[in-house]
Amino acid sequence: MTHPLYPHLLEPLTLGAGDDALTLRNRVVMGSMHTGLEDHPWDIDRLAAFFEERARGGVGLIITGGYAPTKRGWLKPFASEMTHRLHAMRHERITGAVHDAGGAIALQVLHAGRYGYHPLSQSASDKKSPITPFKPSAMSSKEVDHTATAFAKSVALARKAGYDAVEIMGSEGYLINQFLAARTNDRDDQWGGSASRRMHFAVEVVRRSRELVGDDFPIVYRISLLDLVEGGQTWEETAELALHLQAAGVTVFNTGIGWHEARVPTIITQVPRGAWRSHTARLKQVVDVPVCASNRINTPELAEDILAAGEADLVSMARPLLADPAFVAKAMDERADEINTCIACNQACLDHVFSNDRASCLVNPRACHETELMLMPTLRKQTVAVVGAGPAGLAAATSAAERGFAVTLLERSPSLGGQFRLAMAVPGKEDFAETLRYFTRRLDVLGVDVRLGVEATPDDLAGFDHVVVATGVEPRMPDIPGIDHGSVASYADVLSGAVVPGKRVAVIGAGGIGVDVSVFLTHEPEDLEDWMAHWGVGDPALHEGGLVEKKPRTPTREVTLVQRKTTPIGIGLGKTSGWAHRAVLKQSHVTQVSGATYDRISDEGLHVTVDGVARVIEADTIVVCAGQDSVRGLYDDLTSPPVEQGEGRARVETRGLHLIGGADVAAELDAKRAIKQGTEVVAGL
Ligand code: NAP
Ligand code: SF4
């Protein structure tokens, strides 16, 4: 039956034919994402549980993280590979779990090429990538031939392991891309020298794979539609490649945007949703096989819209399925407002993976920890009071209610969200509002007794079995002479709109919030066309790699961002997004001052000393982003011993008292730590 809301998204699709025919129950593909669980045999059960939960949640096709076809194709030393029948046997644990849950799963075969973080890396040429310290060796013709066959063998092993399909990774700048682009391929043998010869490797990989697995086994090929690097492919070349690959046996084209070394953000929050859909639509005009859209698609509405417009046949979402394993089931039940939406922050997923940590998700700390962080139903009819409705309190309240506790959430302000509410005011962070929508709805669905505008006292908390104090933080006001001057405002005042800064602004403190505030102060909201122009994204049909000169930004204010440290500003920002934030500061002509000592604040502005030289940063407004202090008055009241017998009436037994979030530790508090701690504390009740 056709679904009333998502008729295209939830429509089945059959791939392949014969015994290998694979009917997907819907058009949602969980895109490949390395989680860190792929790399160790002992993590296989965790990985199986991770995929199983997504299969239960209704996703049409899951694609695993990348598995190398040869050791030299590893992402890092001893990383995941599919090169031996023992690997295939081990993977039966994964395919079995997914199939038992009613799902389908494809293995991704990925050769890292010059992105390999190890000294054995190989590529088409010996050109080092700008994002790895290792220079690859150029493959001999024989080695190229051997590698194409190795891809095919991995594909065959995947089939043996029970995978329903494979994906050959031909985008994001990995080995296959390195052969395709003149940027990274200066060979003059049969694997390089002209655009057509550079395509030879990709086509051979598919042709040999098809030969080994027969006509019907579904082979997905992830094709790069827009390289976003100098010396990248033109659209003409991409279209020609697609036709060759189709002829060689590709069943479905998945799509990728931008190489990892591209200096244009492609998936982080500031990228407008659905930014790349027109490129998928263009590929669909070229090929006859189904095409899958990807990158910055995070709601069922957007996914449906892309399919309904005929721009794609499938939609790939990787991080959104990390954030909510039940994404599809909720869409199916017409409960999309209950989806825990991925906010494209990268903080717990890609930032972890690129730091060699296990991936998780800022809004769903259970992701990749399904066997460890469990919210088991409680049999005890106990009550829980949560004080404070910032990320930590919201996570604690909803997790406790999910376990079956009777939960009361008390919040001093008239709205939910705490500091998180401020983040969504920053241009490019609008998606953060989705998390508050999710928690608000979840509290409602779970029947949490929410009391806003209530300053909780120890008396209010008497009688609860558990009290979770999540009273959060307040902006720190540093001890600088003149800090009481009328021109001084906190970041909270500015982001909430309570204070509208003047034209010249000095920002004290260049942590994540100082950078965000600088962006807020210099930017007007921009549409997709402007965004593309500011990042220099053009038409790959006209410009190699799709790159054009960037359109200069016209900042709305003159901002100087100041810190005491001497390190480069923004160095501590997220690994996979910090560079983009730093680039935006530059584009917006934000003046950056490091190694400053704050002398005083006067009518003129902010007086600082840098390198022993005193100077004044002229400013109409000085915005303080100097971190936060814990708000702990309530906790202290609850834990301070009674002065006299009888006065301890409202004191909560320490056994049932928990301090979490910024109220616990303010330093470097972020929503990731807050939500994780809120969930973990409740899991342990
Ligand atoms: P933060 O990252 O700790 O930065 C605050 C900065 O203020 C410090 O780097 C420090 O720099 C300065 N500072 C601290 N005490 C000071 C004092 N007494 N006087 C003057 N300057 C002082 O905190 P935040 O910017 O408030 O961010 C809070 C949390 O949210 C952090 O964990 C952050 O990672 C996270 N966040 C991340 C992002 C992102 O990644 N895009 C965005 C927003 C928030 P100096 O000592 O060098 O001056
Ligand atoms: Fe999405 Fe952020 Fe979660 Fe990654 S950590 S899946 S980007 S919400």
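The shown structure was predicted, so the numbers you read here are calculated from the model rather than taken from an experiment. (Residues numbered from 1 in each chain as written. Chains lettered and ligands numbered in written order. Predicted model: local features only at pLDDT ≥ 70, side-chain atom pairs only at ≥ 80, totals over all residues. Heavy atoms only, no water.)

A word on the pairing of strand β9 (residues 219–226). Among the 8 residues of β9, 8 are classified as buried, and the element is accordingly described as predominantly covered. Where strand β8 (residues 165–170) and β9 come together, 5 bridges link them in parallel fashion. Across the sheet, residue M169 finds its bridge partner in β9, namely R222. Pairing analysis gives 6 bridges linking β9 to strand β10 (residues 252–257), with the strands arranged parallel. Bridge pairing in β10 places S224 opposite G256. (Buried < 20%, exposed > 50% of the residue type's maximum accessible area, 1.4 Å probe, protein only. Helix = DSSP H or I, 4+ residues; strand = E, 2+ residues; numbered from the N terminus. Pairing = 2+ DSSP bridges.)

Turning our eyes to something else, we now look at the site of ligand 1. Taken together, 21 residues form the shell around ligand 1, and within it I513, R564, K565, Q628 and L669 come nearest. In the environment of ligand 1, an oxygen atom lies 2.9 Å from a nitrogen or oxygen atom belonging to the backbone of R564. Within the side chain of Q628, an N or O atom sits 2.8 Å from an oxygen atom of ligand 1. Here ligand 1, which alone exposes 890 Å², has 80% of that area covered by the protein. With 3 residues, helix α17 (residues 512–522) is the largest single contributor of residues to the shell around ligand 1. Tallied by class, residues from the shell around ligand 1 come to 7 nonpolar, 7 polar and 7 charged. Here the shell around ligand 1 gathers at least three residues from each of two domains, domain 2 (383–473 + 630–683) and domain 3 (477–626). (Near = heavy atom within 4 Å. Polar contact = N/O pair within 3.5 Å; in protein donor to acceptor, adjacent residues only side chain to side chain. Areas by Shrake-Rupley, 256 points an atom, 1.4 Å probe, with all protein chains shown as cover. Nonpolar A, V, L, I, M, F, W, Y, C, P; charged D, E, K, R; others polar. Domains from an automatic or database assignment.)

On to the UniProt feature "domain: NADH:flavin oxidoreductase/NADH oxidase N-terminal" (unreviewed entry) in the chain. Per the UniProt record, the feature "domain: NADH:flavin oxidoreductase/NADH oxidase N-terminal" (unreviewed entry) sits at residues 9–338. The distance from the first to the last C-alpha atom of residues 9–338 is 18 Å, and the span holds 36% helix and 15% strand. (UniProt positions renumbered as here; feature names shortened; annotations may be inferred.)

Here we come to the packing of aromatic side chains. Scanning the entire structure with this criterion turns up 13 aromatic pairs. Centre to centre, the rings of Y117 and F134 are 5.7 Å apart; their planes meet at 80 degrees, and the pair counts as edge-to-face. Remark: F134 occurs in the loop between β6 (122–123) and β7 (137–138) and Y117 occurs in the loop between β5 (105–109) and β6; sequence separation between them is 17 residues. Classification of Y117 by relative accessible area gives partly exposed; the value is 44%. Through pairs of rings, three or more aromatic residues link up here, namely F151, F179, W191 and F201. (Phe/Tyr/Trp six-rings, centres within 6.5 Å; stacked < 30°, edge-to-face > 60°.)

Take the pairing of β10 next. Burial analysis of β10 places 6 of its 6 residues in the buried class, which makes it a mostly covered element. Side-chain alternation along β10 places V252, N254 and G256 on one buried face and F253, T255 and I257 on a second face that is also buried. Handedness of the β-α-β unit built from β9, helix α6 (residues 235–248) and β10 comes out right-handed. Where β10 meets strand β11 (residues 291–293), 2 bridges bridge the pair, whose relative direction is parallel. (Right-handed = clockwise from strand over helix to strand, strands pointing away.)

In this structure the tally under the stated criterion is 45 salt bridges. The closest approach of N and O atoms between D43 and R46, which form a salt bridge, is 2.5 Å. Overall, R46 belongs to the partly exposed group, its relative accessible area being 26%. Here R187 makes a salt bridge to D189, at a shortest N to O gap of 2.7 Å. D189 shares its class with R187; the two are buried. The structure contains a network of salt bridges with shared partners spanning D145, E204, R207, R208 and E211. (Salt bridge = Lys/Arg side-chain N within 4 Å of Asp/Glu carboxyl O.)

Time to look at the site of ligand 2. Around ligand 2 sit R319, L322, C342, I343, A344, C345, N346, A348, C349, C361 and L362, and those are all the residues in its vicinity. Classifying every residue of the shell around ligand 2 gives 9 nonpolar, 1 polar and 1 charged.

Time to look at α17. Owing to its 3.6 residues per turn, the α-helix brings residues three or four apart onto one side. Within α17, 8 of the 11 residues are buried, which leaves it mostly tucked inside the rest of the structure. Each element contacted by the buried residues of α17 is listed here: α16 (491–496), β19 (504–508), β20 (558–562), α19 (578–587) and β25 (621–624). (Contact = heavy atoms within 4.5 Å.)

With that out of the way, let us pick up the side chain of Q246. Of note, Q246 is situated in helix α6. Sequence-distant contacts of Q246, defined by excluding residues within four places in its chain, comprise F253, V287, D288 and V289.

Before going further, it helps to spend a moment on the sheet that holds β25. Strands sit in the order β18-β25-β19-β20-β21 across an open sheet of 5 strands; the sheet is parallel. Each edge of the sheet is formed by a strand with only one pairing partner; in this case those strands are β18 (488–490) and β21 (591–593). Direction aside, neighbouring strands of the sheet carry axes that sit 25 degrees apart on average. Inspection of the sheet shows β19 paired to β25 by 4 bridges, in the parallel sense. Within the sheet, the bridge partner assigned to V505 lies in β25 and is T621. The strands that α17 touches are β19, β20 and β25; relative to β20, the one it contacts most, it runs at about 175 degrees. (Axes fitted to C-alpha atoms, helices over the stretch in contact; angles between N-to-C directions.)

Looking now at the nonpolar core. Core analysis: the largest hydrophobic core is formed by 172 residues, its most contacted members being F201, Y221, L245, F253 and W276. Those residues in contact with W276, other than ones at most four positions away along the chain, are L226, L228, I257, P265, T266, V271, N295, W531, M532 and V537. By size, the runner-up hydrophobic cluster in this structure holds 17 residues, among which are V562, V610, I617 and I622. (Core = buried A, V, L, I, M, F, W, Y, C linked by side-chain atoms within 4.5 Å.)

The strands that make up a sheet are held in pairs by hydrogen bonds between backbone atoms, and each pair lies either parallel or antiparallel. The 3 strands lie next to each other as β22-β23-β24, forming an open sheet whose pairing is antiparallel. Only two strands of the sheet have a single partner each, and these edge strands are β22 (596–601) and β24 (613–618). With strand direction ignored, the average angle separating the axes of adjacent strands in the sheet is 30 degrees. The sheet contact formed by β22 and strand β23 (residues 605–610) spans 5 bridges and is antiparallel. Opposite A596, over in β23, you have V610 as the bridge partner.

Split by domain assignment, the chain resolves into domain 1 (13–353), domain 2 (383–473 + 630–683) and domain 3 (477–626). The distance between the C-alpha centroids of domain 1 and domain 3 comes to 37 Å. The interface of domain 1 with domain 3 comprises 27 residues on the first partner and 21 residues on the second. Interface area for domain 1 against domain 3, summed over the two sides, is near 1,900 Å², with a carbon-plus-sulfur share of 64%. Taken as a group, R263, Q270 and D351 account for 26% of the area that domain 1 buries against domain 3, more than any other trio of residues on that side. Our count for the domain 1 to domain 3 interface comes out at 1 salt bridge. A salt bridge links R282 to D539; the nearest nitrogen and oxygen atoms lie 2.9 Å apart. Put simply, domain 1 and domain 3 have 10 residue pairs in polar contact (both at pLDDT 80 or more) between them. Of all the secondary-structure elements, those providing two or more residues to the side of domain 1 that touches domain 3 are β9, α7 (277–286) and α11 (350–353). (Buried area = accessible area lost by both parts, 1.4 Å probe.)

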